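Examining the three-dimensional arrangement
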Amino acid sequence: MQALRYSLKKGQINTLRMLRIFSVFVMMGMASSAFAEPPSEPIELVDLDGKASLLSDYKGKWVILNLWATWCPPCLVEIPDLVMFHEAHKDKDAIVIGVNYEDNDPAKVKAFAESQMINYPIVRFKQKVDGRTTPLGKLQGLPTTYMVAPDGTVVAARTGMVDQKMLEEFIQRFSEKQNQ
């Protein structure tokens, strides 16, 4: 009986190790419930004041493209980490862009973003929200985060929450891998 308890504990430890390894692979884009497709045309973004831009305007920096909605509890949980990541990197090597993925009045979304102390740009995709697709492919759920490398290539996608540490580790590991 004691041997059985030991093997269960050992099995649980191995399961935790496998989950940690899997989470690294997920952020590396090797396994995930979100997949990015190369866009067939430039990705157009429109801020909450109606000003248009292109995702390609941000080449030269990492872009953390985070799709979220005001009604999405996990989206709200990750906002403080996105705020801290953006603050730490905006003047150096990365930027967070929040893509509000809902069809609400922009003034309400702007007020909501201010109430959450969001310090990064909030935009929408130019095309209408259909709940199923994005310019980068099929939407599996919210939040969804795309990692866009400084050369403009989408290198990873994740459905589910992200945090500051996860984003920083991904960028570091990806950069190390590219330099090998």
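All of the points below concern the structure found in this document. (Residues numbered from 1 in each chain as written. Predicted model: local features only at pLDDT ≥ 70, side-chain atom pairs only at ≥ 80, totals over all residues. Heavy atoms only, no water.)

What about the sheet that holds strand 1 (residues 44–47)?
Ordered by their spatial adjacency, seven strands build an open sheet running 2-1-5-4-3-8-9, and the pairing between neighbours is mixed. A strand with exactly one partner marks an edge of an open sheet, and here the two such strands are strand 2 (52–54) and strand 9 (154–159). Along the sheet, successive strands turn relative to each other by an average axial angle of 30 degrees, direction set aside. Note: strand 4 (residues 94–100) against strand 5 (residues 122–125), two bridges, orientation parallel. (Pairing = 2+ DSSP bridges. Helix = DSSP H or I, 4+ residues; strand = E, 2+ residues; numbered from the N terminus. Axes fitted to C-alpha atoms, helices over the stretch in contact; angles between N-to-C directions.)

What about the state of the cysteines?
Under the criterion given, the structure shown has one disulfide. Two residues, C72 and C75, share a disulfide whose sulfurs are 2.3 Å apart. Where C72 bonds to C75 through sulfur, the torsion about that S-S bond is close to 75 degrees, and the disulfide is right-handed. Of the two residues, C72 and C75, both sit in the buried class. (Disulfide = S-S within 2.5 Å. Buried < 20%, exposed > 50% of the residue type's maximum accessible area, 1.4 Å probe, protein only.)

Details of the environment of L76
Its place among the elements puts L76 in helix 2 (residues 73–89). Exposure remark for L76: the relative accessible area of 27% places this residue in the partly exposed category. Remark: the alpha-carbon pair of L76 and Q116, spanning 40 residues in sequence, is separated by 8.4 Å. Leaving out residues up to four positions away in the same chain, L76 has contacts with A69, T70 and F112. (Contact = heavy atoms within 4.5 Å.)

Focus on the packing of aromatic side chains
Throughout the structure, instances matching the rule amount to four aromatic pairs. Between W62 and F170, the aromatic rings sit 6.0 Å apart at their centres with planes inclined by 85 degrees, giving edge-to-face as the arrangement. Taken together, the residues span a long stretch of sequence, with W62 in strand 3 (residues 62–68) and F170 in helix 4 (residues 164–179) at a distance of 108 residues. Among the aromatic residues, those joined into a ring-pair cluster are W62, F170 and F174. (Phe/Tyr/Trp six-rings, centres within 6.5 Å; stacked < 30°, edge-to-face > 60°.)

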